[in-house]
Structure formats: C-alpha cells, structure tokens
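Single-letter residue listing:
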Amino acid sequence: MKFHLLTLSCFIASINAFSQQKTYRHSSDDSSLATVAPFTMMPYNRLIQSAGKVVTYGNPQLENHTLDLCILPGNKFIAVEDRYGIAVLDTKTQLLKYRWAFEENAPYKNLMSTYIGIKCFTHNNTSFIVWSAAGKGKDAFVMMAEWDGSTIKNTDVIKLPTLAPAANAIPNDIAVNFENGQPFLYVVLNGNNQLVKVNFTTKNTVWSTATGIAPFGVRIVNNKAYVTNWAGSLVTDTTKEHAGTPWGSAYINPVTGGVKEGSLSIINITDGRHLNELPLGLHPNAIIGSRNKKFLYISNGNSDFISVVDVLKEKVIDSLQVGLFSKGYAYYGSSPNALLLDSSGTVLYVANGMDNALAVIKLGSKVATNGTGQTTVKGFIPTEAYPSGIALVNGNLYVTNLEAKGARVLSDTKSFKQTDSSTINAYSIHKQLASLSIIPVPSQNKLLTYTEKVKQLNLFYRMALTNQPPRKNIAAQPLPERIGEPSLFKHVVYIIKENKTYDQVFGDILQGRGDKQLCIYGDSITPNQHQLVKDFSLLDNYYASGKSSAEGHQWTDAAMVSDYIEKNVRAWFRSYPHRQEDALVYNKTGFIWNNALDHGKTVRVYGEACTTEYDKKLKWLDFYNKRLNKEPIALKNTSTIARLRPIISPDFPDCDNIVFPDQLRADIFIDEFKKFEAMQGDSLPNLMVLSLPNDHSAGTSPNFPTPRAMVADNDLALGRIVETISHSRFWDSTVIFVTEDDSQGGWDHISSYRTTCMVISPYSVLNKTVHTNYNQTSMVRSIEQILGIPPMNIMDATALPMFDCFTAKKSNIIYTSIPNKIPLNEMNKPLAMLKGKAMYYAKLSANSVFKEVDGGEDDTMNKILWFDAKGNKPYPVKYAGE
C-alpha cells in the first residue's frame, strides 16, 4: 500500500470518531488521515511505532529479520542474531559496533540462522558467541566465535547430523552449562526431534536423545534439561508427512487439523534419559527460569498464555493470560514468543508478536518467590512488528523485531532513473531491513501511556463494534453491519489465485493508481479481469497480508499466521506449508472452512488444503490435449486434515500443481456447480473455496506455456466461472470474492504488498474505483459477516469489512466471459531453439523447478517474467532487486 504514516493525534481522533458510530458504515478510509512520520501501516490492521529508539540495518537486497539476542559478558555489548549473521551493538552508544554476515565469509556462504538460538559466555578469559545455523540440504551447525571487544574472530562450527525423515536437523535454542569448570552446549534439534549434549572444547557429542515433536527452547535447572516442544510429545503414530511431522489421530485436533497440545520434556543431563513429560499449551516456545531455580516460565505462542512450572513438583501450577485481547474478549492471536525476567524476579516481560508489543507482567506470590498478591498485566510497550527476543541492560530493554516495518526497505518517494531515462518505481516483496528497539524501562505512568498507544495501534477499540449483538427485525443487507444480522447472500465463492501484484495486471487502468510501465499482463492478456473490475469495482488500495505463498495461504484461509510461520519466514527448514499439509503450522482456531462448519454452514473446497495424485509422466500439454479430446483424466485428492476430506472436490487439482490447465479446473467446478443447480431447493453450499493458481506461471520453462499464456488461461477460467454463476438461479444470492494469495511474483510502484482484488455480485457497486484501504483479513471478515459466523482470531476481529464494495440496491448485471486473445497452448521454446539471455532464463526456469508454485527463487522468477514481457528493457533493479 502506499503505507500511510499517521500522526498519533489524527489517528486517535479517527479511531474515536470511528468507535462512536453505531455500525461499521463509517469506514475510516486511511486517505482522510494525515501522512506524517513516524507511523507505519502494516497490511493486516496494525500500525507500527516503537517506543524508544530503533536501530535499523541489513543488506537492502535481502529480506532481513532479527531473531534473538544475548548480552556479552561485561554488559558493554549485545550480540544480535539475524537471518543472515550476527550484529554486535554497543550498549553505551546504542549503535552497531560490528557486523558479521554469512554471505561475506566463504565457508558459510550458504548458511542462515534458524528460528532462535544464540548464547554469550566467558571461558578462560575469552568471550564466546554460539548460535544456530542451517543451510540448504542437510547442512546444520552450531556456529562458534570469539568476541575481543571490537571484532568477531576465530569462527568455527560444530556440525550436527540430520536424521531421516527430517530434511534438516534444524539446530535451534542453545543452553550453556558449566560442568566441572568446562562448558557444555545443549542444542535443540527441531528437525530431528532431539536434544544433543556437546562438549564445547572438544566439539564431540556426549549424547543425543529424543524430545517431543519440533522442540524449540531449552533450559538447564538442577542437572535437568527442560525442552519445550512445539507439537507435543512423541506419539506412536506411523503416518508422517514430508516435513517429518506426524498427523495421525493421536496427535491432531479433529476440529482444526492442528496439533492438540505442546509439551515439556524433562531430561537427565548426565546420560540423556527421558524423565518426564508435561502437557503445555499450543506451540510452547521460549523458556526461562527464576534465579532461585524454583520456577520455569514458558510462552505458548498459539495459546496466548504463559505456563508456570514448579520445578520441584514438576507440575504446571498456573497459566498467565498475556494477550492484549485476552481480557474481556474471546479472541486469541497475540502470539507470545519471547520472555525476560527482571533482576527482582517479579516482573516478567513477554514479547507478544502479533500485538507488536511487550506485555509487562507483575508476578504474584503463587508464581514468584518474592511476588506479592495476584499476578496482573501492568501494561504494554509498543515495539516494531513481531518482537522475538528481549534483553535488559542498564535500565534499557533491547528488543529484536522479527518483522521490523515489513517489506518496504526501499519504499520511499524518490524516483529511480533507468538507463533509458524512463522513471520507474517498483518494489518487490522480499526486500526488508532488520530492526532492534531500545526502550528505557518505563515508569508506571509512562507504561499507562504506552498501553493506550498499543491499544490504538492494534485497533483495540474496534472490538466494541465487533462484539455488538445483532439487532432484531433488521432488514437484510448484502454485507450486514453486525455479525449475526441477515445477509442477502446465502452463498460465498472464495477464489484464491497465485502471486501477482496490482501493477502487473491492472497498471494499465487509468481509473486506478497504476503504473502502465510496470504492467505486463494488461487487457489483451487478462480481458476478463479488466472487464470485471470495469463492470463491478476496481480496488486499487487492497493488500496481501503476507510475503509468500506459505504465509499467504494462512492469511487467506485463517486470517493470521502462526508462531511457526513467523519463525520460519525466508528459511522454511521444516516445511513450506502453502498446501496446508503440515499440522504444526495451523492456528488455534483453524481455517475459514471449519469456522463455517462449526456454525452449521455447508462447505465445498476445490484445490485448497489438499494434495493431488496423478501420473507424473504427463506434462501440461498432455493434460491440455486430453481435455480438448474429452479423454478421461485420472486424479485423486487427499488431505492431511480429516475434517476436510468429505468436503473436498475429489478430482479438482491442488493449488501447487500448475501442470494442470486452469481450464480443467474451471470445467470441474462448472460441472459440479451445474449439478448443484439441477438439484431442488437451495442445494448450493454456503461457502465454496476455490484455488485458481496458474497465473503464477512456470516462467520460461520448456514443456510449459509462456507466462502470458498461463495468465490468459487463468483469466479465462475466472471469466467462465463468473459467467456460470451469474447466469444461474443462484446469482441473486451469491457473492464472489477474488484475491491473490500473495504478491511475491512481481513488483508494484505503491507497495510490494499491493495486489488484485475483485468483489463480484448483483449487489456490488458498479463502475467505481474503491480507494478504501482493505487487505486479506478484510476479505475473510467480510465472508464471515455474510455467513453470520464470528471471527476466528484478533486479526479478522479487528479487520474492516469491505462495506464500500456493496450497495443495497440490486442490479440486473450478469457477466459473459471474454474469449482469450492469447493462444492458451502458446508454448515456451525448447532450449535448442534459444540463445543468450533467453537460453539463460529458460535454463533457470527449468532448473529451479518452476513447475511447482514457489518452487524457485522469487527474484529470479520476477526477472524472468520481466524479460519475457519486456525483452531487454532495463529491469527496475534499484527497487525490485539486483
């Protein structure tokens, strides 16, 4: 989006005015607000303005993320673990002192940091930093280096073997324990489901032992190792998916398809014997202990509470609710994921990732030795996006912000002069700087001010509107003003496409904020999409909430991402979950389909959250010709989510297989739709979720159509589906929502998150450009409001429904699809017919496995698509990436 930066006073005034409305009809369009620094708007109903000072750094050509940190001995320096290396910050000057990067050190060039895992300690008068790292393939290491006060030196590694079926051992949290004066490392192996004990001096493994599933954090207390397990204890179920995460009945919540619980493994550090296992909340991650070794505190990322363990009793004695929305509201989603105790042991700081804030907890007598009274949440301190690590030095809190300000590292207002003298601004999604917040510990009065600010930045006051009860005898509206009020729609068709930006497709439309220089799939290639936004409405201020398909399908299906997704971003060591096939990934409340099923709605799913079995010898052209010749095509779908299996279309190809033409997908949907229409009564499902992925394209890979042909195929399939619905007896009671899952396959001059969106129905506003700021959570919330079902979490609960896309007056509009202008079987040329740059990009397309969604490097794909459409016209490298 053009990320509006808002003054606090203007924003508060807007929120207050907004909250005084009886309904959501006042949309509070962001364009009415002042655009003054230092606020940053995220693409999911959150504003960012950290307290204190923010240090920003990183290679601007990469997607940087700070993950964790530790205090070097002497308190003069802090070592910060980021995705691509280590930064050392001077606590006196509060400036970066030194930067060590994997890419600048040849032996480690292909490595990157994992989820968390950095520790600092002194041994033999030398300061050491150890941290977890992994690379492509099975490479997994503990990195070790010395810090001499000015530089990192003598870097070395301890290699850690990967055990099948894991793709990578995934070293994660590290505990350092001195035994007989010698340091030993206890390393969590998230991929192996192991804890290993390593002699730091000799680098030899002392023992390795099984933990629970996907272990995350570790703490040593009284000769015992306490390990948090994201997905609970090991079970005997033999069914495993490709990430090594079992999803059988002993492990899975039957309602959501997600894991049932997390756990705490207790292990003897002398010999690695498993001593005990305690159940915890969902996705337990960070673990810390009291100085007197009586209590452990564990954050549960998917449950919004802190588990308190009595060490002597080996028992969970309390669960401390820490979410911003925990009190008074039923919605979860704050994602606590890092912890810190102050020196008194009575104040607990909690990094609430999705609240973009630290929760400050006063510990009561039950859960802290020196605690008094009841445990209370004293307040919240604003950070940048997704705080993930906390340290406290000399009265200052140091906080790593995993998402910082999001993907806008180069999103400024300056133009870039191309070599051909044209001016092109183009931002792509995987460019982002890292950040660290430095915040003085606030007084109680300051904390109250911060708390109010955190509420405003998180749109807390929208919740009063979200929770308003439905009014009696209210007339039905297309999009009801309150949850539970009647809608004119009985059916929602939710279409999820793949990886395009607004400018790539709609940049040539004069009525919207487009840049025609960046448009490569204009009206000659996407005539149906262009006609649909002309007939209905063009949304030029709509945004994807995530940066890749693994994130995108969580936002589109669940309206938020879990702790697992945030910790994995740009690494994906354990799984890349765009197909919804890893139970470890899912949110506590699941997805839009189980929300609908839970509230008595009928659902049909086409291609989402499933895997298609087919003859892998067949290529795209084989399926295309079989369809033309009306030959049978053998397909079979399955899902790791048991509740979905009865409602999945059995032969509709999944979202990851672009080897199938989208015309085949359209045929299958239209055939089923007409069968529903032939039945008596209101036979059509209330919610239909449909994957239509081929606008992703396969680059210039041989044996696939050209990118423009695949986009044209996708466009025609959409047009045919809309035509079928609009000519049916269900048209008057049906609304169609269309979104891309993300925007990573392209560039945009307004925002790297901006993408295409369509809202199609007889009650849609016609012939209008809608400038209101909406995003994917707005779309999910609108679907829920129409179906009369509640939000799933705090993200869709605070989302703005898409009121400005509807009118109460029904139109007589129906849609007839426009034939494709590009041959759908216009194939990429074989390698033998190519030379120069065309040959180079075709080989990259083939070698990077672009036949699968997100199978290759995103920046490479963008350059391939640009070259295919623009030839040798200079790529906007300064903004979209070199």
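Residues numbered from 1 in each chain as written. Predicted model: local features only at pLDDT ≥ 70, side-chain atom pairs only at ≥ 80, totals over all residues. Heavy atoms only, no water.

A.B. asks: Sorry if this is basic, but what is going on with the environment of Ala140 here?
C.D. replies: Its place among the elements puts Ala140 in strand S10 (residues 140–147). For Ala140, a relative accessible area of 0% gives the class buried. Expressed as a C-alpha distance, the spacing of Ala140 and Glu403, which sit 263 residues apart in the sequence, is 24 Å. Here Ala140 is in contact with Ala133, Ala134, Ile158, Lys159, Leu160, Asn168, Ala169, Ile170 and Pro171, once residues within four sequence places are set aside. (Helix = DSSP H or I, 4+ residues; strand = E, 2+ residues; numbered from the N terminus. Buried < 20%, exposed > 50% of the residue type's maximum accessible area, 1.4 Å probe, protein only. Contact = heavy atoms within 4.5 Å.)

A.B. asks: Can you walk me through helix H9 (residues 620–628) in this structure?
C.D. replies: Quick reminder: α-helices carry 3.6 residues per turn. Residues three or four places apart thus point the same way. Those residues of H9 that fall on the buried side of the exposure criterion are Trp620, Phe623 and Tyr624. On an axial view of H9, the arc spanned by its buried residues comes to 100 degrees, and they lie on one face. (Arc of directions from axis to C-beta.)

A.B. asks: Is there a simple way to explain the sheet that holds strand S22 (residues 305–310) in this structure?
C.D. replies: Taken in spatial order, the 4 strands of this open sheet run S20-S21-S22-S23, and their pairing is antiparallel. Edge strands, defined here as strands with exactly one partner in the open sheet, are strand S20 (284–289) and strand S23 (315–321). Adjacent strand axes in the sheet meet at a mean angle of 25 degrees when their direction is disregarded. Pairing of strand S21 (residues 295–300) with S22 involves 6 bridges; the strand directions are antiparallel. Paired with Leu296 across the strands is Val309, a residue of S22. (Pairing = 2+ DSSP bridges. Axes fitted to C-alpha atoms, helices over the stretch in contact; angles between N-to-C directions.)

A.B. asks: I would appreciate a short explanation of the confidence of the model for the protein in the present structure.
C.D. replies: Detailed reading of the predicted model is not advised wherever pLDDT is low. When pLDDT is averaged along the protein, the result is 90, and 91% of the positions lie at 70 or above. For the stretch residues 236–244, pLDDT sits under 50, and the model shows 21 contacts to residues farther than four places along the chain or on other chains. Across residues 411–423, confidence stays below pLDDT 50; counting only partners more than four residues off in sequence or on other chains, it has 26 contacts. (pLDDT = per-residue confidence, 0-100.)

A.B. asks: When you look at the sheet that holds strand S26 (residues 357–362) in this model, what are you seeing that I'm missing?
C.D. replies: Strand pairing in a sheet relies on backbone hydrogen bonds. The paired strands run either parallel or antiparallel. Spatially, the 4 strands line up as an open sheet ordered S24-S25-S26-S27, and their pairing is antiparallel. The strands lining the two open edges of the sheet, one partner per strand, are strand S24 (336–341) and strand S27 (376–382). Recorded for the sheet is a direction-independent mean angle of 25 degrees between the axes of neighbouring strands. As paired strands, strand S25 (residues 347–352) and S26 are joined by 6 bridges and run antiparallel to one another. The residue of S26 that forms the bridge with Leu348 is Ile361. The sheet strands contacting helix H2 (residues 444–457) are S26 and S27, and the helix crosses S27 at an angle near 70 degrees.

A.B. asks: Help me understand helix H6 (residues 549–558), please; the structure alone is not making it clear to me.
C.D. replies: With 10 of 10 residues buried, H6 lies mostly within the body of the structure. Within the sequence span of H6, burial applies to Ser549, Ala550, Glu551, Gly552, His553, Gln554, Trp555, Thr556, Asp557 and Ala558. On its buried face, H6 sits against strand S31 (491–497), helix H7 (563–568), helix H8 (592–598), strand S38 (734–740), helix H12 (776–787) and helix H13 (794–797).

A.B. asks: I keep staring at the nonpolar core and nothing clicks. Help me out?
C.D. replies: If you look at soluble globular proteins, the nonpolar side chains tend to sit buried side by side. Counting residues in each nonpolar core, the largest one holds 109 residues, and the members touching the most others are Tyr297, Trp593, Leu687, Phe737 and Met802. Among the elements that take part in this core, H12 stands out by supplying 5 residues, more than any other. Those residues in contact with Trp593 that sit more than four places away from it in its chain are Asp557, Val603, Val605, Glu608, Ala609, Ile641, Leu644, Leu687 and Val689. Formed by 64 residues, the second largest nonpolar core is a distinct cluster that contains Val493, Val533, Val722 and Ile736. (Core = buried A, V, L, I, M, F, W, Y, C linked by side-chain atoms within 4.5 Å.)

A.B. asks: Honestly, the pairing of strand S29 (residues 396–404) in this entry has me stumped. Any pointers?
C.D. replies: In the case of a regular strand, side chains alternate between the two sheet surfaces. Burial of S29 is extensive: 9 of the 9 residues sit out of reach of the surface. Both strand S28 (residues 385–393) and S29 contribute to a ladder of 7 bridges, which runs antiparallel. Within S29, the residue paired with Pro387 across the bridge is Asn401. The turn linking S28 back onto S29 is made up of 2 residues, and Asn394 within it adopts a positive phi angle of 50 degrees.

A.B. asks: So what exactly am I meant to see when it comes to the packing of helix H14 (residues 836–847) against helix H15 (residues 858–870) here?
C.D. replies: As a packed pair, H14 and H15 sit with axes 10 Å apart at the nearest point and diverge in direction by 140 degrees. Relative to H15, H14 is oriented oblique. In the packing of H14 onto H15, the handedness of the crossing is left-handed. Across from Lys837, Ala838, Tyr841, Leu844 and Ser845 in H14, the residues of H15 making contact are Thr860, Lys863, Ile864 and Phe867. (Parallel < 35°, antiparallel > 145°, perpendicular 65-115°, else oblique. Left-handed = near helix turned anticlockwise from the far one by under 90°.)

A.B. asks: Even after reading the chapter, I still don't get the packing of aromatic side chains, so can you show me in this structure?
C.D. replies: How two aromatic rings sit relative to each other is set out by the distance from centre to centre and by the angle between their planes. Overall, the coordinates contain 38 aromatic pairs when judged by the stated rule. Between Phe121 and Phe178, the ring centres sit 6.1 Å apart and the planes meet at 75 degrees, which makes this aromatic pair edge-to-face. Placement of the pair is Phe121 in strand S8 (residues 111–123) and Phe178 in strand S12 (residues 171–179), with a sequence separation of 57 residues. Seen in terms of ring centroids, Trp230 and Tyr564 are 5.4 Å apart; in terms of plane orientation they differ by 55 degrees. Their pairing is tilted. Placement of Trp230 in the loop between strand S17 (224–229) and strand S18 (262–268) and of Tyr564 in helix H7 is noted, with a sequence separation of 334 residues between them. For Trp230, a relative accessible area of 0% corresponds to the buried category. (Phe/Tyr/Trp six-rings, centres within 6.5 Å; stacked < 30°, edge-to-face > 60°.)

A.B. asks: Can you help me understand the pattern of salt bridges in this one?
C.D. replies: Working definition: two side chains of opposite charge can pair if their charged atoms are close together. For the structure on display, the rule yields 33 salt bridges. Close ionic contact of Asp139 with Lys159 constitutes a salt bridge, the shortest N to O distance being 3.8 Å. Here the residue Asp139 occupies a position in the loop between strand S9 (126–135) and S10, and Lys159 occupies one in strand S11 (residues 152–159), the gap between them amounting to 20 residues. Overall, Asp139 belongs to the partly exposed group, its relative accessible area being 32%. A salt bridge links Lys224 to Glu314, with the shortest nitrogen-to-oxygen separation between them at 2.8 Å. Of the two residues, Lys224 is situated in strand S17 and Glu314 in the loop between S22 and S23; the sequence distance between them amounts to 90 residues. When its relative accessible area of 16% is taken as the criterion, Glu314 is described as buried. Sharing partners across several salt bridges, the network here consists of Glu63, Glu403, Lys547 and Glu551. (Salt bridge = Lys/Arg side-chain N within 4 Å of Asp/Glu carboxyl O.)

A.B. asks: I keep staring at the environment of Lys446 and nothing clicks. Help me out?
C.D. replies: Inspection of the secondary structure assignment puts Lys446 in helix H2. Using a relative accessible area of 40% as the deciding quantity, one classes Lys446 as partly exposed. Sequence separation between Lys446 and Gly379 is 67 residues, and the spatial gap between their C-alpha atoms is 9.8 Å.

A.B. asks: When you look at the state of the cysteines in this model, what are you seeing that I'm missing?
C.D. replies: Among covalent bonds in proteins, the disulfide is the one between the sulfur atoms of two cysteines. Inspection of every chain in the model, using the stated rule, returns 1 disulfide. Note on cysteine connectivity: Cys70 is disulfide-linked to Cys120, with sulfurs 2.0 Å apart. Handedness here is read from the sign of the S-S torsion; for Cys70 and Cys120, about 50 degrees, the answer is right-handed. Of this pair, Cys70 sits in strand S4 (residues 66–71) while Cys120 sits in strand S8, placing them 50 residues apart in sequence. Looking at Cys655, it has no disulfide partner, and the nearest cysteine sulfur is the one in Cys610, 7.2 Å off. Taking the relative accessible area as the measure of exposure, Cys655 reaches 1% and is therefore buried. Of the cysteine sulfurs around Cys805, a residue in no disulfide, the closest is that of Cys757, at 6.2 Å. (Disulfide = S-S within 2.5 Å.)

A.B. asks: When you look at the side chain of Ser683 in this model, what are you seeing that I'm missing?
C.D. replies: Structurally, Ser683 can be placed in the loop between helix H10 (662–678) and strand S37 (687–691). With relative accessibility at 18%, the residue Ser683 sits in the buried group. A polar contact of 2.3 Å, which involves the side chain of Ser683, links it to the backbone oxygen of Phe676. If sequence neighbours within four positions are ignored, Ser683 has contacts with Phe676, Glu677, Arg729 and Phe730. (Polar contact = N/O pair within 3.5 Å; in protein donor to acceptor, adjacent residues only side chain to side chain.)

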